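# Chain and residue survey
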Amino acid sequence: QVQLVESGGGLVQPVGSLRLSCTASGFTFSIYGMNWYRQAPGKERELVAGISSVGGMTNYADSVKGRFTISRDNAKNTVYLQMNSLKSEDTAVYYCNAKIFNIDYWGQGTQVTVSS
(Lines give C-alpha, C1' and ligand atoms only; values in the text may rest on other atoms or scores of the structure.)
Protein backbone atom coordinates (compact mmCIF):
# COMPACT_ATOMS: atom_id res chain seq x y z
CA GLN A 1 0.00 0.00 0.00
CA VAL A 2 0.96 3.62 -0.37
CA GLN A 3 3.14 4.90 2.44
CA LEU A 4 4.67 8.31 2.98
CA VAL A 5 7.11 8.60 5.87
CA GLU A 6 8.36 12.01 6.95
CA SER A 7 11.33 13.09 9.00
CA GLY A 8 13.31 16.21 9.83
CA GLY A 9 10.94 18.27 11.94
CA GLY A 10 11.90 19.82 15.23
CA LEU A 11 12.48 23.01 17.18
CA VAL A 12 14.52 25.77 15.55
CA GLN A 13 15.20 29.42 16.25
CA PRO A 14 13.97 32.22 14.00
CA VAL A 15 16.10 32.68 10.89
CA GLY A 16 17.27 29.08 11.28
CA SER A 17 16.90 26.24 8.79
CA LEU A 18 15.45 22.75 8.59
CA ARG A 19 15.22 20.15 5.87
CA LEU A 20 12.21 17.85 5.81
CA SER A 21 12.27 14.52 4.01
CA CYS A 22 9.46 12.28 2.83
CA THR A 23 10.22 8.77 1.64
CA ALA A 24 7.54 7.06 -0.43
CA SER A 25 6.69 3.43 -1.12
CA GLY A 26 3.86 1.41 -2.62
CA PHE A 27 3.56 3.30 -5.90
CA THR A 28 5.64 4.39 -8.87
CA PHE A 29 7.05 7.49 -7.26
CA SER A 30 8.78 8.86 -10.34
CA ILE A 31 5.59 9.47 -12.36
CA TYR A 32 3.68 11.48 -9.76
CA GLY A 33 3.95 15.02 -8.59
CA MET A 34 4.44 15.54 -4.86
CA ASN A 35 3.39 18.25 -2.45
CA TRP A 36 4.10 19.61 1.00
CA TYR A 37 1.24 20.97 3.09
CA ARG A 38 1.18 22.43 6.56
CA GLN A 39 -1.45 22.96 9.22
CA ALA A 40 -1.31 25.09 12.33
CA PRO A 41 -3.76 24.55 15.22
CA GLY A 42 -7.13 26.07 14.44
CA LYS A 43 -6.23 26.72 10.81
CA GLU A 44 -6.94 24.92 7.57
CA ARG A 45 -4.30 22.83 5.91
CA GLU A 46 -2.52 24.85 3.25
CA LEU A 47 -0.36 23.96 0.28
CA VAL A 48 3.22 25.03 0.84
CA ALA A 49 5.00 23.68 -2.22
CA GLY A 50 4.57 21.28 -5.11
CA ILE A 51 6.90 19.61 -7.58
CA SER A 52 6.26 17.82 -10.86
CA SER A 53 7.22 14.20 -11.43
CA VAL A 54 10.49 14.96 -13.18
CA GLY A 55 11.19 17.96 -10.97
CA GLY A 56 11.22 20.56 -13.70
CA MET A 57 8.28 22.55 -12.36
CA THR A 58 7.75 23.77 -8.83
CA ASN A 59 5.24 26.03 -7.14
CA TYR A 60 5.18 27.74 -3.76
CA ALA A 61 2.83 29.57 -1.50
CA ASP A 62 3.52 33.29 -1.56
CA SER A 63 4.41 33.20 2.12
CA VAL A 64 7.39 30.90 1.56
CA LYS A 65 8.71 32.00 -1.83
CA GLY A 66 12.40 32.74 -1.68
CA ARG A 67 12.81 30.88 1.60
CA PHE A 68 11.67 27.30 0.93
CA THR A 69 12.81 24.93 -1.79
CA ILE A 70 11.10 21.69 -2.78
CA SER A 71 13.14 19.03 -4.54
CA ARG A 72 13.05 15.31 -5.22
CA ASP A 73 15.36 12.39 -5.76
CA ASN A 74 13.46 9.80 -7.75
CA ALA A 75 16.22 7.23 -7.31
CA LYS A 76 15.59 7.41 -3.56
CA ASN A 77 11.79 7.82 -3.75
CA THR A 78 12.19 10.92 -1.63
CA VAL A 79 10.90 14.47 -1.73
CA TYR A 80 12.51 17.23 0.33
CA LEU A 81 11.55 20.61 1.67
CA GLN A 82 14.48 22.86 2.50
CA MET A 83 13.28 25.62 4.81
CA ASN A 84 15.50 28.65 5.34
CA SER A 85 15.03 31.95 7.14
CA LEU A 86 12.35 30.39 9.29
CA LYS A 87 9.77 32.56 11.01
CA SER A 88 7.41 31.92 13.88
CA GLU A 89 4.58 31.92 11.33
CA ASP A 90 6.07 28.75 9.82
CA THR A 91 5.23 26.80 12.98
CA ALA A 92 2.90 23.98 11.96
CA VAL A 93 2.62 20.28 11.31
CA TYR A 94 4.03 19.60 7.87
CA TYR A 95 2.57 16.83 5.71
CA CYS A 96 3.84 15.09 2.62
CA ASN A 97 1.15 14.51 -0.01
CA ALA A 98 0.72 12.44 -3.16
CA LYS A 99 -2.31 12.47 -5.44
CA ILE A 100 -2.70 9.07 -7.09
CA PHE A 101 -5.69 8.34 -9.35
CA ASN A 102 -7.29 11.45 -7.89
CA ILE A 103 -6.95 10.15 -4.33
CA ASP A 104 -4.92 12.04 -1.76
CA TYR A 105 -2.38 10.19 0.35
CA TRP A 106 -0.72 11.74 3.37
CA GLY A 107 2.29 11.22 5.53
CA GLN A 108 1.97 11.11 9.31
CA GLY A 109 3.02 14.72 9.70
CA THR A 110 6.09 16.19 11.33
CA GLN A 111 6.04 19.09 13.77
CA VAL A 112 8.05 22.20 12.99
CA THR A 113 8.29 24.75 15.78
CA VAL A 114 10.08 28.06 15.25
CA SER A 115 10.72 29.81 18.54
CA SER A 116 13.40 31.75 20.36
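This write-up is about the structure you can find in this document. Everything numeric here is computed off the predicted structure, so don't read it as measured data.

Among the 9 residues of strand E9 (residues 92-100), 7 are classified as buried, and the element is accordingly described as predominantly covered. Examined bridge by bridge, E9 and strand E11 (residues 110-114) share 3 bridges and lie antiparallel to one another. Across the sheet, the residue bridging to Ala 92 is Val 112, located in E11. In terms of strand pairing, E9 meets strand E10 (residues 103-106) through 4 bridges, oriented antiparallel. Along E10, the bridge assignment pairs Ala 98 with Tyr 105. If you look at the hairpin formed by E9 and E10, you'll find 2 residues sitting between the two strands, and Phe 101 has a positive phi there, around 50 degrees.

Of note, Asn 77 is a non-glycine position whose phi angle comes to about 55 degrees, a positive value. The topology assignment puts Asn 77 in the loop between strand E7 (68-73) and strand E8 (78-83). Given the relative accessible area of 26%, Asn 77 is considered partly exposed. Even without glycine at this site, Asn 102 takes up a positive phi of about 65 degrees. Mapping Asn 102 onto the fold places it in the loop between E9 and E10. Residue Asn 102 is classed as exposed on the basis of its relative accessible area, which comes to 66%.

What follows is about the sheet that holds strand E3 (residues 18-25). In spatial order, the strands read E1-E3-E8-E7; together these 4 strands make up an open sheet with antiparallel pairing. Two strands lie at the open edges of the sheet, namely strand E1 (3-7) and E7, each paired on one side alone. Put simply, the sheet's adjacent strands are angled 15 degrees from each other on average, direction ignored. Note: E3 against E8, 6 bridges, orientation antiparallel. Bridge assignment links Thr 23 to a residue of E8, and that residue is Thr 78.

Turning our eyes to something else, we now look at the environment of Val 93. By the secondary structure assignment, Val 93 is in strand E9. The spatial distance from the C-alpha of Val 93 to the C-alpha of Gly 107 is 11 Å, given a sequence separation of 14 residues. Contact partners of Val 93, with chain neighbours within four places excluded, come to Tyr 37, Arg 38, Gln 39, Gly 109, Thr 110 and Gln 111.

Reading the values: rules and limits
Along each chain, residue indices are assigned from 1 in the same order as the chain's sequence is written. Given that this is a predicted model, residues contribute local features only at a pLDDT of at least 70 and side-chain atom pairs are listed and counted only at 80 or more, while totals for whole chains, interfaces and linings are drawn from all residues. Only heavy atoms go into the side-chain values, all of them from the structure, while hydrogens and water stay out. Burial here depends on accessible area, computed with a 1.4 Å probe over protein chains only, as a share of the maximum for the residue type. Under 20% is buried, over 50% is exposed, and the range in between is partly exposed. Elements are defined by DSSP. Helices are runs of H or I of four residues or more, strands are runs of E of two residues or more, and each kind is numbered from the N terminus. In this description, strands pair whenever DSSP reports at least two bridges between them. The convention used is that axes are lines fitted to C-alpha atoms, helices contributing only their stretch in contact, and that angles between N-to-C directions extend from 0 to 180 degrees. We call two residues contacting when some pair of their heavy atoms lies within 4.5 Å.

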